[in-house]
Amino acid sequence: MRYFEVNVRDYQTEYGFMPSLQLYLVEKSDNPRPIVIIAPGGGYTKLVDSDQDRIALQYNAAGFHAAVLNYSVEPHHFPEPQQDLMSAIRLVREHAWEWGIMESGIAICGFSAGGHLCASVSTLWHKLGDEKCRPDAVILCYAILTSRLNHCRMFLKDHVGYDEEERLKLVSCDEQVSKYTPPTFLYNTFEDKLTNVENVLYYAENLKKHEIPFEMHIFSKGQHGESWCDSTIWATPMRRRDYNYIRISIEWMRELFGLMEAK
């Protein structure tokens, strides 16, 4: 495995922050591999990165390249984090041949606020950027996706500014789904009280409305942010049932990118 870190912008933000991308690349082979760019959670106030390297390693173990994005958080607001992720996608696409990456196999994977970040990029890339920053697949794990719920609305208002109604509509991801939205994998739990199950139901409803392929998993148990992990990587599963959404997302991507023979 090759591990290194690169900046995703040419210059620091106005607050002196330099967004960066930590790359976990499996050894080069004759065939390029897809990559999963991981966006940690943290409510846009910080980055909760304690598990992100382990998640990257799980994707590595399945034969995917992986990367973890260190994106802008407070005092930065929309669209700074979105620009960071789009810049990361563009950078990966521009270096695809050099790094052994499938140019049309760039997936983004976000957790909680990172899930919102990935959903907003997947629905707004054509408005905020260009074709080079288009993700090919999106994995949304207990993500905030709607402003229909009051506490989610307050979270999104904090992200865009309390007097920014137009921007609030832009970051209400379920309202922004369109023909430009890539195939999407959705995961949540019934017990999650922060990113309630309605988040994925509303989002899935609009994905179906626009004929965007998606896969959705709502498990009965699990609080917000609980880690489900592969016992071969770092820990035993937390529950007796197989709730390993990382493994399921890998199977989904293998099918999506035509890699079923890699199983």
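Everything that follows concerns the structure shown earlier in this document.
Criteria and cut-off values
Residues numbered from 1 in each chain as written. Predicted model: local features only at pLDDT ≥ 70, side-chain atom pairs only at ≥ 80, totals over all residues. Heavy atoms only, no water. Phe/Tyr/Trp six-rings, centres within 6.5 Å; stacked < 30°, edge-to-face > 60°. Helix = DSSP H or I, 4+ residues; strand = E, 2+ residues; numbered from the N terminus. Buried < 20%, exposed > 50% of the residue type's maximum accessible area, 1.4 Å probe, protein only. Lys NZ or Arg CZ within 6 Å of the ring centre and 35° of its normal. Salt bridge = Lys/Arg side-chain N within 4 Å of Asp/Glu carboxyl O. Contact = heavy atoms within 4.5 Å.

Focus on the packing of aromatic side chains
Here a ring pair, both rings aromatic, is described through the centre-centre distance and the interplanar angle of the planes. Considering all chains together, one arrives at 11 aromatic pairs under this definition. Taking 6.3 Å as the distance between ring centres and 50 degrees as the angle between the ring planes, the aromatic pair formed by Phe111 and Tyr245 counts as tilted. Residue Phe111 is found in strand β5 (residues 101-111), and its partner Tyr245 is found in helix α9 (residues 245-256); the two are separated by 134 residues along the sequence. Overall, Phe111 belongs to the buried group, its relative accessible area being 3%. Tyr245 sits in the buried class, given a relative accessible area of 3%. The lysine or arginine in question, Arg148, covers the ring of Tyr202, its NZ or CZ lying 4.0 Å from the ring centre.

A look at the pattern of salt bridges
The full count for this structure, using the stated rule, is 12 salt bridges. Among the ionic pairs, Asp130 bridges to Arg90, the shortest N-O distance being 3.6 Å. Of this pair, Asp130 sits in the loop between α4 (113-128) and β6 (137-141) while Arg90 sits in helix α2 (residues 80-94), placing them 40 residues apart in sequence. For Asp130, a relative accessible area of 36% translates into the label partly exposed. Given the relative accessible area of 23%, Arg90 is considered partly exposed. Where Glu211 meets Lys208, a salt bridge forms, and the shortest distance between an N and an O atom there is 3.3 Å. As far as the burial class goes, Glu211 and Lys208 line up, both exposed. Three or more residues are tied together by salt bridges with common partners; here these are Arg93, Glu131, Arg134 and Asp136.

A short note on the side chain of Lys157
With respect to the helices, strands and loops of the structure, Lys157 is situated in helix α5 (residues 150-160). Among all residues touching Lys157, those that are not within four sequence positions of it are Tyr162, Glu165 and Leu168.

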